[in-house]
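Listed here are the chains, written in short residue letters.
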Amino acid sequence: MCLAIPLKLTEIDGNNAVGERDGVRRAIRVDFIREPKVGDYVIAHAGFAIEKLRPEQALENLAAIREVANAE
């Protein structure tokens, strides 16, 4: 099973970018995102950002992920 995760863009170089979540950085592509900017939140799946998220939506999703992780 694959899971799309929210990441905050911290670096962008053309279509290559770095997204971060809880101190973990991942190299991703932003080919499918219109006008990506550092600080944007995106949903990433299989190494690609597939959708931008509103900051409040991203933070809500991250809180839910942390809650599930802490429940285990």
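Residues numbered from 1 in each chain as written. Predicted model: local features only at pLDDT ≥ 70, side-chain atom pairs only at ≥ 80, totals over all residues. Heavy atoms only, no water.

A. The arrangement of the pairing of strand 3 (residues 24-29) in detail. Note: strand 2 (residues 16-21) against strand 3, six bridges, orientation antiparallel. Paired with Asn16 across the bridge in strand 3 is Arg29. The turn joining strand 2 and strand 3, which pair antiparallel and follow one another in sequence, is formed by two residues; a positive phi near 50° is taken by Asp22. (Pairing = 2+ DSSP bridges. Helix = DSSP H or I, 4+ residues; strand = E, 2+ residues; numbered from the N terminus.)

B. Seen up close, the packing of aromatic side chains. Scanning the entire structure with this criterion turns up one aromatic pair. On the numbers, 5.4 Å between centres and 35° between planes, the contact of Phe32 with Phe48 is tilted. Of this pair, Phe32 sits in the loop between strand 3 and strand 4 (41-45) while Phe48 sits in strand 5 (residues 48-53); the two residues are 16 residues apart in sequence, bridging distant segments of the chain. Classification of Phe48 as partly exposed rests on a relative accessible area of 31%. (Phe/Tyr/Trp six-rings, centres within 6.5 Å; stacked < 30°, edge-to-face > 60°. Buried < 20%, exposed > 50% of the residue type's maximum accessible area, 1.4 Å probe, protein only.)

C. Representation of the side chain of Asp40 within the structure. With respect to the helices, strands and loops of the structure, Asp40 is situated in the loop between strand 3 and strand 4. Looking at Asp40, its side chain comes within polar contact range of the main-chain nitrogen of Lys37, at 2.9 Å. Within the structure, Asp40 has its side chain in polar contact with the side chain of Lys52 (distance 3.4 Å). With residues up to four places along the chain from it excluded, the contact list for Asp40 reads Leu7, Lys8, Leu9, Glu35 and Lys52. (Polar contact = N/O pair within 3.5 Å; in protein donor to acceptor, adjacent residues only side chain to side chain. Contact = heavy atoms within 4.5 Å.)

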